[in-house]
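# Commentary on secondary and tertiary structure
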Amino acid sequence: MRYIEPHAHMVSRTTDDYQAMVVAGCAAVCEPAFWAGFDRSSAAGFYDYFCQLTEHEPRRAAKFGLPHYCWLCINPKEAEDVKLAQDVVALMPQFLERSNVLGIGEIGLNKNSRNELKVLELHVDLAARQNQLILVHTPHLEDKLKGTRLILDVLKADGRIKPERCLIDHVEEHTVKMVLDQGFWAGMTLYPETKCTAARAVDMIERYGSERLWMNSACDWGVSVPLAVPYAAQELRRRGHDAATIDRLVYQNPKRFLSQCSKFKLIEPTV
Ligand SMILES: [Zn+2]
């Protein structure tokens, strides 16, 4: 099989993970900017992180023959400090031009606070001005439904933003319909403990169709499974879905969304 891992924090993973992903059929990996597990103390910390995402990590992935793309932002978990966020957003334009950067993400909300909303609007404005794709993180611990509503309202309030160029990630049973009905793409995150299991993801696919959905592992420095997408493909197979359906979900769909950025290129396998 072939698949695209559209959401993985590879700076936190080992080379063994790269090896396993490639052997499982991974054709490209995309890495949104994320919280480091601790708060960075200055914009300079983000400057170094953006260099890591655009210079070092693509070289590490290339050793395994894997194309590496990334998304840039200050993550909602660090968005309480609006001055820091403004400084980081000011750093971003120079990096957005780099060859492996797909857009702005993962932006969104964590605790649905006023400051987080302000920082979300800063990012959305930058994306609109520079015609960038948007990848959105929806809250896990606080109220996901409320957070998702607030995020969709911010995106819809900006007339420059096209829903088909935004992906709303970490959807669950109570948010997926709202996201799809309003024309956005939806991402399902496959986590062993929190978020969504493969069985729940397949239930949602069977209920809501597979047109504007993708699945990802969102593997990071915490409990997570880098091969969650191929494992979900196995669950799809077990439940009788054919090879074409599986290929659409794990390869064609992410390719279709990500190809809206002209920098996203895949080398088609020649077997
Ligand atoms: Zn993430």
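Let me begin by describing the structure that accompanies this report. (Residues numbered from 1 in each chain as written. Predicted model: local features only at pLDDT ≥ 70, side-chain atom pairs only at ≥ 80, totals over all residues. Heavy atoms only, no water.)

## Focus on the coordination of the zinc ion
Defined as follows: Only nitrogen, oxygen and sulfur atoms count as donors, using a 2.8 Å cut-off from the metal that widens to 3.2 Å for Na, K and Ca. Water is left out, so coordination shells may look unfilled. A helix here means a DSSP run of H or I that spans at least four residues, while a strand means a run of E at least two residues long, and both kinds are numbered starting from the N terminus. Partly exposed describes any residue whose relative accessible area lies between the buried limit of under 20% and the exposed limit of over 50%, with all areas from a 1.4 Å probe on protein chains only and scaled to the type maximum.
Within the protein, the atoms that donate to the zinc ion are His7 (NE2), His9 (NE2) and Glu106 (OE), at distances of 2.0 to 2.2 Å. Site description for the zinc ion: donor spacing in sequence, H-x1-H-x96-E. Residue His7 is found in the loop between β1 (3–5) and α1 (15–23), and its partner Glu106 is found in strand β4 (residues 101–108); the two are separated by 99 residues along the sequence. Classification of Glu106 by relative accessible area gives buried; the value is 1%.

## Describing the sheet that holds strand β2 (residues 26–31)
Formally: Here, strands pair whenever DSSP counts at least two bridges between them. All axes here are fitted lines through C-alpha atoms, helices being fitted over the stretch that makes contact, and every angle between N-to-C directions spans 0 to 180 degrees. We call two residues in contact whenever any of their non-hydrogen atoms come within 4.5 Å of each other.
Pairing within the open sheet is parallel, and its 8 strands lie in the order β1-β2-β3-β4-β5-β6-β7-β8. One side of each edge strand has no neighbouring strand; the edge strands of this open sheet are β1 and β8 (213–216). Averaged over neighbouring strand pairs, the angle between their axes works out to 25 degrees when direction is ignored. Where strand β6 (residues 166–169) and strand β7 (residues 185–189) come together, 2 bridges link them in parallel fashion. Opposite Ile168, over in β7, you have Ala186 as the bridge partner. Against the sheet, α1 touches β1, β2 and β3 (68–72), its axis set at about 135 degrees to β2. Contacts from helix α2 (residues 43–62) reach β2, β3 and β4 within the one sheet, and its direction differs from that of β3 by about 165 degrees.

## Observations concerning the pattern of salt bridges
The line we're drawing: Each reported salt bridge corresponds to a side-chain nitrogen of Lys or Arg within 4 Å of a carboxyl oxygen of Asp or Glu.
The full count for this structure, using the stated rule, is 16 salt bridges. One salt bridge in this structure joins Arg13 and Asp17, with 2.9 Å as the shortest N-O distance. Two residues, Arg160 and Asp125, come together in a salt bridge whose shortest N-O distance is 2.9 Å. Taken together, the residues span a long stretch of sequence, with Arg160 in the loop between α5 (144–157) and β6 and Asp125 in helix α4 (residues 114–129) at a distance of 35 residues. Classification of Arg160 by relative accessible area gives partly exposed; the value is 43%. Its relative accessible area of 27% is what places Asp125 among the partly exposed residues. Through salt bridges with shared partners, a single network forms among Asp203, Glu206, Glu235, Arg238 and Arg239.

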